[in-house]
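Observations on the three-dimensional arrangement
Listed below, chain by chain, are the residues.
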Amino acid sequence: MSSNGTGQMQRKGRKHPKSRHRTKISFPRHILEQSSQVGYKSPVAAVRGGTPAVFPFFYARHTEPPMSKVVIITTGGTIAMQHDSVTGAAVPAVSGADLVRAIPGLGSVCDLEVREFDNLPSPAITPDHMFRLAAMVRQYLAMDDVSGVVITHGTDSLEESAYFLDLSLEGHKPVCFTAAMRSGDELSPDGPRNILAAVRVAASRSARNMGSLVVMNEQIHAAREVTKTHAANVATFQSPWWGPLGVVDGDRVIFRRAQLGRQTFLPHSLCKKVDLIKLVTGSDAAYLDFAVSRGVDGIVVESFGRGNVPPYVIPGIARALEKGIIVVNATRTGGRVLDEYGYEGGMLQQHKMGVIMAGELSAAKARLKLMLILSQYGPDGRPDPAEVARYFEHSM
């Protein structure tokens, strides 16, 4: 400090225009919570009076305690298996409590509660299991002291269960599915690290309003987009063309985008039957006719390319539609079904007949969505096909 000749003291050194010092600004929690959405108005720009900026991503670091606790629900799968000494094959062997207890540092993330739903290999999971699982999760999400739910699951049908719950649950709290490609007694098991990452996401405020998520290999995927791409590799879960929503990097949960257009269907029960028929070269109407004969309410055909099918299938589709059965077309290639081919069996012909386009949904996920949509109308209800089509337009 020095005198300026008037008896006042002035500060030496730092001149503000050239200062490299940056003032730390703390923003209200409700502003930070907006960051889980795609693009948000910068509070910094608002303070300066400038044009609001849009940030492409946001991360949440656990430097403060999470909101409350995370409930871990175990359903079985490789993550809960060990190798049998007699057969040498992996079999269900680990309880939910044992699974969680073996993960170092998990308890330091947040408070935990463990519940065992079942201990099944995931090929044994059915839509009825998913419906009951959704009801169980819904009860926990309604509790004020629960910030999110983690579900351990087998990898074979994980993407179906995750998408079913994404369609079945309302609210802003995250539901994170995770799994393992290696059982607990194999060299370098991936299950413990996957559970730790999933708990971090479920405890993070930035995961709110993201819906049902799949957290594997430190990546965060949208249930609608993710799929298992390899039978054995630990990086099997990918979201083709779109990529993950974000990542878990150490103790940071980083989202770079959000999924849009989420839908919720809340039937009282799963009362409608939907079959999935995979088409191949030379397919005819036999399987469609069989599905009609067994009294299905809906059929999903897995088609080629933009939704095209062998011409020999068309008479079977016509007979199904005449019976009032909803027919949805989902492509086996990924990408969007579109009515741009006008030849016999092309999607344009099917669309004119009344076949509904599933957009970018896989056939397996389109089946579950159709099952939920139709079940909303009750055992005896029949929806307007145009209304069902509008629901699927959100999958485009």
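Let us look at the structure shown here. Every residue gets a number counted from 1 within its own chain, in the order that chain's sequence is written. Predicted model: local features are reported for residues with pLDDT of at least 70 only, side-chain atom pairs are reported and counted for 80 or more only, and whole-chain, interface and lining totals are derived from all residues. Excluded from the side-chain calculations are hydrogens and water; all other atoms, namely the structure's heavy atoms, are used.

Right, let's get into the overall build of the protein chain. Along the backbone of the protein chain there are 11 helices and 19 strands. Using a 1.4 Å probe on the protein chains alone, a residue whose accessible area is under 20% of its type maximum counts as buried, one over 50% counts as exposed, and one in between counts as partly exposed. The buried share of the protein chain, taken over its 396 residues, is 47%. For the protein chain, restricting intrachain contacts to residue pairs at least 6 apart in sequence, the fraction spanning at least 24 positions comes to 72%. As presented, the protein chain carries roughly 19700 Å² of accessible surface, and 51% of it is formed by carbon and sulfur atoms. A run of H or I in DSSP becomes a helix once it reaches four residues, and a run of E becomes a strand once it reaches two; helices and strands are each numbered from the N terminus. Residues are treated as being in contact if the distance between any of their heavy atoms lies within 4.5 Å. Each accessible area value is a Shrake-Rupley result obtained with a 1.4 Å probe; residue values ignore everything except the protein chains displayed when judging cover.

Below, the discussion takes up the packing of aromatic side chains. Any pair of Phe, Tyr and Trp rings, taking the six-membered ring for Trp, is counted once the centres come within 6.5 Å. Such a pair is stacked with planes under 30 degrees apart, edge-to-face with planes over 60 apart, and tilted for the rest. Within this structure, the stated rule accounts for 2 aromatic pairs. Measuring from ring centre to ring centre gives 5.2 Å for Phe265 and Tyr391, while their planes differ by 85°; the resulting arrangement is edge-to-face. Separated by 126 residues along the polypeptide, Phe265 in the loop between strand E15 (252-255) and strand E16 (274-278) and Tyr391 in helix H11 (residues 385-393) bring together distant segments of the chain. Note on Phe265: relative accessible area 3%, which makes it buried. What makes Tyr391 partly exposed here is its relative accessible area of 22%. A centroid spacing of 5.8 Å and a plane angle of 50° characterise the contact between Tyr341 and Tyr343, whose relative ring orientation is tilted. To sit over a ring, a charge needs its Lys NZ or Arg CZ within 6 Å of the ring centre and within 35 degrees of the ring normal. Between Lys369 and the ring centre of Phe392, over which it is positioned, the NZ or CZ distance is 5.0 Å.

This part covers helix H8 (residues 314-322). Count 3.6 residues to each turn of an α-helix, and residues three or four apart come out pointing the same way. Taken as a whole, H8 has its buried residues at Ile314, Gly316, Ile317 and Ala320. The arc enclosing the buried residues of H8, seen along the axis, measures out at 160°, which places them on a common side. Looking at the buried positions of H8, the neighbouring elements they touch are helix H7 (286-293), strand E17 (298-303), strand E18 (326-331) and helix H9 (347-353). Gly324, located one to two residues past H8, shows a positive phi value of around 80°. Summarising the geometry, the arc corresponds to the directions from the helix axis toward the C-beta atoms.

Further remarks concern the nonpolar core. Residues enter a nonpolar core if they are buried and are Ala, Val, Leu, Ile, Met, Phe, Trp, Tyr or Cys, with the set joined through side-chain atoms within 4.5 Å. Ranked by internal contacts, the top residues of the largest apolar core, which has 50 residues, are Ile73, Val137, Leu165 and Phe392. Considering each element in turn, this core owes the most residues, 8 residues, to helix H10 (residues 363-375). Beyond its immediate chain neighbours, meaning those up to four positions away, Ile73 contacts Arg115, Phe117, Leu133, Met136, Val137, Tyr140, Val149, Val150, Ile151 and Thr152. Counting residues in hydrophobic clusters, the runner-up holds 33 residues, among them Leu106, Ile195, Val199 and Leu213.

Another point: unusual backbone geometry. The phi dihedral of Glu218 is positive, around 65°, even though this residue is not glycine. By the secondary structure assignment, Glu218 is in the loop between strand E10 (212-216) and strand E11 (219-222). Classification of Glu218 as partly exposed rests on a relative accessible area of 29%. Of note in the backbone geometry, Trp241 takes a positive phi value of approximately 75° without being a glycine. In this fold, Trp241 is placed in the loop between strand E13 (237-238) and strand E14 (246-249). By relative accessible area, Trp241 is classed as exposed at 82%.

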